[in-house]
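Structural features, examined
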Amino acid sequence: MIKLRLKWLRLLAQKHIDLEISNSPKLRTRIVERPGLWMTSAELGLLRNDLRSIAAKTLAAKDLNYGVFSADLSVFEHLVITVVYRIEDHRPIAFNALRLMPCDLGAEKHEVLHLGLVMVDPDERSHGLSWVLYGLTCFLLFLRNQFRPLWVSNVTQVPAVVGMVSTTFSKVYPNPARKTRQSLKHLLLGRAVMKHYRYAFGVDNEAGFDEMRSVITDAYKGGSDNLKKRFEEAAPHRDPIFNVYCQTTLDYERGDDVLQLGKIDLAAAQSYLRHQVPRKSLRSLLTAVGFILLQRLFLPVFHWFDTARSWKTLRPFER
């Protein structure tokens, strides 16, 4: 069940997501949206410590200096962070830091959800956390967006992740399994992401970008250096088509990544619920869904009675 730390009225009125889900008898998941905008410095410090403790187990003596690990705390104003904890000792064991990236294409504006950095404690990788780390937050944000499709991006050289993204989201390019064609929107969003947000996934401005294949060449310079892997070290996917694609498309010696772009829409959301969410976790997830939907009904009413705010032509005022 969702653990509500605040009174219901305050929870429903809050602008950003902050909720917890018990996804199994042994694990709970906390999702916080844009914590840099509303958390106190002490709370943000505790959250950073949790993320660093997971990274310390995952990377051993190696360091990262981009995203949640950079010295710039303002990055937390643009992140949605999912952290999985063991209930027994409250120890953090996995996280995903999803970056919100506004992209202006001229006539259209989109907010791309970048899947960001995912880390799992090596001792805890048998818990089946992929449905939490790769889809849960996107699914809840899709609901919060009133079922409007949202673009999702992913940068990786790991076949297992390429396959996960390809099978979780809709209209993904590149998708080796379906051989999806690159649309004009894929191309333009890829250009916008690479022009404005390289720092979000630790890629230096000197790295090349083959936009037709959506491949970043020599990607591991710019903060993500210690994430570079040989093909043999990268986790394989159970479907060999993704392994073959990565091995033949990416130069692992140089350090290439693939930039995937896709959508979470109604079809992807339905598939996620049917095929990825464990049956034992469905009740907790549906409780979270109910909370998000109720919040979307409650907030407009709450804002309407807030007389300190203008409501454009419906309630104009001048200070």
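Preceding this paragraph is the structure being described.
Residues numbered from 1 in each chain as written. Predicted model: local features only at pLDDT ≥ 70, side-chain atom pairs only at ≥ 80, totals over all residues. Heavy atoms only, no water.

**Quick notes on the overall build of the protein**
When helices and strands are counted, the protein shows eight helices and ten strands. Residues classed as buried in the protein amount to 51% of the 319 residues present. Restricting to contacts in the protein with at least 6 residues of sequence separation, those with at least 24 account for 66%. For the protein, the computed accessible surface area is about 16300 Å², with 55% contributed by carbon and sulfur atoms. (Helix = DSSP H or I, 4+ residues; strand = E, 2+ residues; numbered from the N terminus. Buried < 20%, exposed > 50% of the residue type's maximum accessible area, 1.4 Å probe, protein only. Contact = heavy atoms within 4.5 Å. Areas by Shrake-Rupley, 256 points an atom, 1.4 Å probe, with all protein chains shown as cover.)

**Side note on the nonpolar core**
It is characteristic of soluble globular proteins that their nonpolar side chains tend to be buried jointly. Core analysis: the largest hydrophobic core is formed by 42 residues, its most contacted members being Val 68, Phe 76, Ile 81, Phe 95, Met 119 and Ile 216. Those elements giving two or more residues to this core turn out to be α2 (41-59), β3 (79-86), β4 (92-104), β5 (109-120), β6 (150-156), α5 (184-196) and β10 (257-264). Among the elements that take part in this core, α2 stands out by supplying six residues, more than any other. Filtering out sequence-adjacent residues up to four positions away, Ile 81 remains in contact with Arg 30, Ile 31, Val 32, Pro 35, Leu 47, Leu 51, Val 68, Phe 76, Asn 96 and Ala 97. Among the nonpolar cores identified, the runner-up in size contains 40 residues, and Ile 17, Ala 94, Leu 100 and Leu 150 belong to it. (Core = buried A, V, L, I, M, F, W, Y, C linked by side-chain atoms within 4.5 Å.)

**A word on empty space enclosed by the protein**
By the definition in use, this model includes one cavity of 30 Å³ or more. In this structure, the largest cavity encloses a volume near 60 Å³. Along the walls of the largest cavity sit Tyr 173, Gln 182, His 186, Leu 187, Gly 190, Arg 191, Phe 209, Glu 211, Ser 214, Leu 259 and Leu 261, which together make up its complete lining. Among the secondary structure elements, those contributing two or more residues to the lining of the largest cavity are α5 and β10. Each residue belonging to the lining of the largest cavity can be placed in one class, and the counts come to five nonpolar, four polar and two charged. (1 Å grid on protein atoms, 1.4 Å probe; cavity = no way out; pocket = protein on both sides within 12 Å on 5 of 7 lines; lining within 4 Å. Points joined across faces, edges and corners; volume = space filled by probe spheres on them. Nonpolar A, V, L, I, M, F, W, Y, C, P; charged D, E, K, R; others polar.)

**Describing the packing of helix α4 (residues 159-168) against helix α6 (residues 240-249)**
Direction vectors running N to C along α4 and α6 enclose 120°, while the axes themselves pass 9 Å from each other. Relative to α6, α4 is oriented oblique. Note that α4 runs across α6; the crossing there is right-handed. Every residue of α6 that contacts α4 at Pro 159, Val 162, Gly 163, Ser 166 and Thr 167 is listed here: Phe 242, Asn 243, Tyr 245 and Cys 246. Across the contact of α4 with α6, the residue classes tally to five nonpolar, four polar and no charged. (Axes fitted to C-alpha atoms, helices over the stretch in contact; angles between N-to-C directions. Parallel < 35°, antiparallel > 145°, perpendicular 65-115°, else oblique. Left-handed = near helix turned anticlockwise from the far one by under 90°.)

**Notes on the pairing of strand β1 (residues 18-21)**
In β1, alternate side chains face the same way, and those of Asp 18 and Glu 20 on one face and Leu 19 and Ile 21 on the other are all buried. Both β1 and strand β2 (residues 27-33) contribute to a ladder of four bridges, which runs antiparallel. Bridging across to β2, Asp 18 finds its partner in Val 32. If you look at the hairpin formed by β1 and β2, you'll find five residues sitting between the two strands. (Pairing = 2+ DSSP bridges.)

**A few points about the packing of helix α3 (residues 130-144) against helix α7 (residues 266-275)**
At a minimum axis distance of 11 Å, the contact between α3 and α7 shows a crossing angle of 135°. Judged by the angle between their axes, α3 and α7 are oblique. When you trace α3 past α7, the crossing you get is left-handed. The residues of α7 that touch α3, namely those facing Trp 131, Gly 135, Leu 136, Phe 139 and Phe 142, are Leu 266, Ala 269, Tyr 272 and Leu 273. Looking at the contact of α3 with α7 residue by residue, the classes come out as eight nonpolar, one polar and no charged.

**Some words on the packing of aromatic side chains**
Considering all chains together, one arrives at five aromatic pairs under this definition. Seen from their ring centres, Phe 69 and Phe 95 are 6.2 Å apart, and the 70° between their planes marks the pair as edge-to-face. Linking Phe 69 in the loop between α2 and β3 with Phe 95 in strand β4, this pair joins segments that are 26 residues apart in sequence. An identical accessibility class is assigned to Phe 69 and Phe 95; each is buried. The aromatic ring of Tyr 85 is capped on one face by Arg 28, whose charged end is 4.4 Å from the ring centroid. (Phe/Tyr/Trp six-rings, centres within 6.5 Å; stacked < 30°, edge-to-face > 60°. Lys NZ or Arg CZ within 6 Å of the ring centre and 35° of its normal.)

**Things to note about α2**
For α2, with 19 residues, the first-to-last C-alpha span of 26 Å sits near the 27 Å given by 1.5 Å per residue. If you check which residues of α2 are buried, you get Leu 44, Leu 47, Arg 48, Asp 50, Leu 51, Ile 54, Ala 55 and Leu 59. The buried residues of α2 all sit within an arc of 150° when viewed along its axis, so they share a single face. α2 presents Ala 42 and Leu 46 as exposed residues on the side facing more than 90 degrees away from its buried surface. Contacts made by the buried residues of α2 are with β2, β3, β4 and β5. (Expected span 1.5 Å × (residues − 1). Arc of directions from axis to C-beta.)

**With respect to the environment of Leu 261**
Structurally, Leu 261 can be placed in strand β10. Under the relative-accessibility criterion, Leu 261 is labelled buried at 2%. Separated by 95 residues in the primary sequence, Leu 261 and Ser 166 place their C-alpha atoms 9.3 Å from one another.

Purely spatial values, then, with no claim about function.
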